[in-house]
Amino acid sequence: MTLTRVFIKPRKALPFFSRHPWVFEGAIQRVEGKPQAGQEVLVVSAEGQGIARGLYNPNSNIRVRLVTWNLEEAIDASLIRTRLSHAVDLRRRFLDLDGAGAVCRLVNSEGDSLPGITVDYYDGFLSLQVTSLAFFRRLDFIKEALVDLVKPKGIWLKCDAGINEAEGIEASEQLLAGEKPASIIVSENDLRYHVDLAEGQKTGFYCDQRDNRLATARYVDGGEVLDAFCYSGGFGLNALKHGKATTVLSVDSSEPALELTRRNAELNGLADRVTTLRGKALEVLTQLGEQGRSFPTVILDPPKMVSSRGGIERGMKGYLKLNLAGLKLLPAGGILTTCSCSGHVSMEMFQQLIATAATQSGRTIQILEARGHTWDHAVSANCPESNYLKCLICRVL
Ligand code: SAH
């Protein structure tokens with residue numbers, strides 16, 4: 001079968017020869033014929049030299065997601081299965097997936113050479129998110145391979161309305177295989193958490209922060225911890241269990257998130273040391289500052305503030321304001337753990353931002369640890385954007 005060709009503009013092909021998987025509209029010179037959304041295409045240089053095979057979507061910002069640089073290899077059930085099996089093998093090798101409450105990112109999209117497929121593993125249940133139309137059309141292959149490779153108790157399809165609209169995916173959340181769990185409890189760093197597949201945010205639990213929660217706890221040497229953007233309460237609970245926190249104030253704008261934090265505190269016998277406060281973090285932090293409150297440890301783990309290149313300037317201002325408000329609450333010698341999960345913000349940019357916050361607040365900030373996400377969120381060496389999480393643990397004087 002001859003594939004429809006997508007021609008890249010002159011001098012724009014280098015990243016794709018270098019295996020970057022995202023072809024944006026601006027890099028495309030012309031497309032042969034009218035390929036359907038989700039169709040497999042051959043991406044070629046302006047001179048017609050084959051580069052890679054990918055999946056086309058005329059409605060998405062990412063026009064083509066490149067999947068294989070082996071021009072003979074079709075993007076079919078066998079390719080999907082092979083890649084899923086590489087992904088599962090990695091996690092099985094370093095984690096006991098059959099252990100009670102095992103939790104991890106099982107398939108990490110670009111990081112596992114399956115751009116647009118994300119799977120989280122929660123005590124034998126899978127939460128599957130498909131953010132590319134082309135792979136969505138191949139959902140049956142994905143499901144069959146996962147059932148075969150993992151033998152999960154159930155697979156729940158998670159959807160994100162914004163992404164579905166951007167990609168042209170028409171689907172609603174549903175059970176794809178097995179049973180829907182009545183309740184799931186996972187175990188991480190010797191703490192237990194409720195995970196609600198259907199109601200939870202994103203895929204249900206943020207296991208990318210596992211090591212950062214524990215790393216932060218090591219620096220907590222007493223007093224009250226402010227855990228802003230707490231969601232399931234993980235940072236605060238680690239500070240109580242593995243650090244020397246006396247109490248935690250957990251802040252989130254979402255009531256279900258605070259409810260989850262309270263249930264998790266209860267589950268771990270720590271309910272009497274966790275207080276929750278609902279509100280927008282920037283406003284809450286500012287008010288606490290005005291009340292003269294101070295916290296020897298402040299954790300800032302906001303949702304993505306930059307979601308496109310065009311949004312960088314605005315998002316960076318948001319990060320700056322938030323960190324300045326956090327700094328106001330820290331006494332001399334306090335610990336600030338500050339995170340950014342925006343793929344468009346590099347570690348260098350984030351460190352620069354913290355330097356600006358230090359200058360503007362007149363504080364001395366020492367970076368003790370510059371960290372990323374856990375290893376199960378494997379990053380593609382050719383797609384640095386998939387290295388999205390930055391976590392700086394700082395001492396503030
Ligand atoms: N730290 C968490 C993950 C944070 S996810 C963990 O370890 O699991 C981001 C959280 O920020 C979500 O729970 C979301 O409800 C919350 N959120 C979003 N916007 C917010 C805002 N303006 N103020 C406070 N919380 C916010």
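Everything quoted here is computed from the prediction, not taken from an experiment.

**Student:** I'd like a description of the packing of helix α9 (residues 281-290) against helix α10 (residues 312-328), backed by residues and values.
**Tutor:** Put simply, α9 and α10 touch, their axes get as near as 9 Å, and they point 30° apart. When the axis of α9 is compared with that of α10, the two are roughly parallel. Classified by chirality, the crossing of α10 by α9 is left-handed. Every residue of α10 that contacts α9 at Ala281, Leu282, Leu285 and Thr286 is listed here: Lys321, Leu322, Ala325 and Gly326. Looking at the contact of α9 with α10 residue by residue, the class counts come to five nonpolar, two polar and one charged.

**Student:** I'd like a description of the state of the cysteines, backed by residues and values.
**Tutor:** Two cysteines joined by a covalent bond between their sulfur atoms form a disulfide. Applying the stated criterion across every chain, the model contains zero disulfides. Of the cysteine sulfurs around cysteine 230, a residue in no disulfide, the closest is that of cysteine 339, at 13 Å. Note on cysteine 230: relative accessible area 6%, which makes it buried. Between cysteine 394, a free cysteine, and cysteine 391, which holds the nearest cysteine sulfur, the sulfur-to-sulfur gap is 8.6 Å. For cysteine 394, a relative accessible area of 0% translates into the label buried.

**Student:** A description of the sheet that holds strand β19 (residues 365-371) should follow, citing residues and the corresponding values.
**Tutor:** Strand order in the open sheet made by the seven strands is β16-β15-β14-β17-β18-β20-β19, with mixed pairing throughout. Of all the strands in the sheet, just β16 (274-278) and β19 have a single pairing partner and so form its edges. Between one strand and the next, the sheet's axes are offset by a mean angle of 15°, whatever the strand orientation. Sheet strands in contact with α10 are β17 (297-300), β18 (334-340), β19 and β20 (390-396), and its direction is about 165° off that of β18.

**Student:** I'd like a description of the site of the ligand, backed by residues and values.
**Tutor:** For the ligand, the set of nearby residues contains 16 residues, the closest of which are Arg213, Phe229, Asp252, Ala281 and Asp301. Within the contact set of the ligand, a nitrogen atom lies 3.1 Å away from a backbone nitrogen or oxygen of serine 253. The fraction of the free accessible surface of the ligand (580 Å²) that becomes covered by protein chains is 87%. Here the residues of the shell around the ligand sort into seven nonpolar, five polar and four charged.

**Student:** Would you mind going over the packing of aromatic side chains in detail, with residue names and values included?
**Tutor:** In total, this model carries five aromatic pairs according to the counting rule given. Consider the rings of phenylalanine 94 and tryptophan 375, whose centres lie 5.6 Å apart with planes at 80°: the pair is edge-to-face. Separated by 281 residues along the polypeptide, phenylalanine 94 in helix α2 (residues 77-94) and tryptophan 375 in the loop between β19 and β20 bring together distant segments of the chain. By relative accessible area, which is 36% here, tryptophan 375 ends up partly exposed. Judged by centre distance (5.8 Å) and plane angle (75°), the rings of tyrosine 319 and phenylalanine 350 are edge-to-face. On the criterion of sequence distance, the pair formed by tyrosine 319 in helix α10 and phenylalanine 350 in helix α11 (residues 347-361) is long-range, its members being 31 residues apart. For tyrosine 319, a relative accessible area of 0% translates into the label buried. Across the ring face of phenylalanine 7, the terminal group of arginine 30 is positioned such that the distance to the ring centre comes to 3.9 Å. The cationic tip of arginine 213 hangs over the ring face of phenylalanine 235; the distance from NZ or CZ to the ring centre is 5.9 Å.

**Student:** Tell me what's going on with unusual backbone geometry, and back it up with residues and numbers.
**Tutor:** With a phi angle near 65°, arginine 11 is a residue other than glycine that sits in the positive phi range. Mapped onto the elements of the fold, arginine 11 is located in the loop between β1 (4-8) and α1 (14-17).

**Student:** I'd like a description of the domain arrangement of the protein chain, backed by residues and values.
**Tutor:** On domain assignment, one finds that the protein chain holds domain 1 (4-68), domain 2 (77-185) and domain 3 (206-396). Contact between domain 2 and domain 3 buries roughly 920 Å² in total, counting both sides, with carbon and sulfur atoms accounting for 67%. Per-residue buried area on domain 2 facing domain 3 is highest for Arg105, Asn108 and Glu110; these three make up 39% of the total on that side. Summed over the shared surface of domain 2 and domain 3, the number is zero salt bridges. At the boundary of domain 2 with domain 3, the tally comes to four residue pairs in polar contact (both at pLDDT 80 or more). Those elements giving two or more residues to the side of domain 2 that touches domain 3 turn out to be α2 and β7 (103-108).

Cut-off values and rules
- Residues numbered from 1 in each chain as written.
- Predicted model: local features only at pLDDT ≥ 70, side-chain atom pairs only at ≥ 80, totals over all residues.
- Heavy atoms only, no water.
- Axes fitted to C-alpha atoms, helices over the stretch in contact; angles between N-to-C directions.
- Helix = DSSP H or I, 4+ residues; strand = E, 2+ residues; numbered from the N terminus.
- Parallel < 35°, antiparallel > 145°, perpendicular 65-115°, else oblique.
- Left-handed = near helix turned anticlockwise from the far one by under 90°.
- Contact = heavy atoms within 4.5 Å.
- Nonpolar A, V, L, I, M, F, W, Y, C, P; charged D, E, K, R; others polar.
- Disulfide = S-S within 2.5 Å.
- Buried < 20%, exposed > 50% of the residue type's maximum accessible area, 1.4 Å probe, protein only.
- Pairing = 2+ DSSP bridges.
- Near = heavy atom within 4 Å.
- Polar contact = N/O pair within 3.5 Å; in protein donor to acceptor, adjacent residues only side chain to side chain.
- Areas by Shrake-Rupley, 256 points an atom, 1.4 Å probe, with all protein chains shown as cover.
- Phe/Tyr/Trp six-rings, centres within 6.5 Å; stacked < 30°, edge-to-face > 60°.
- Lys NZ or Arg CZ within 6 Å of the ring centre and 35° of its normal.
- Domains from an automatic or database assignment.
- Buried area = accessible area lost by both parts, 1.4 Å probe.
- Salt bridge = Lys/Arg side-chain N within 4 Å of Asp/Glu carboxyl O.

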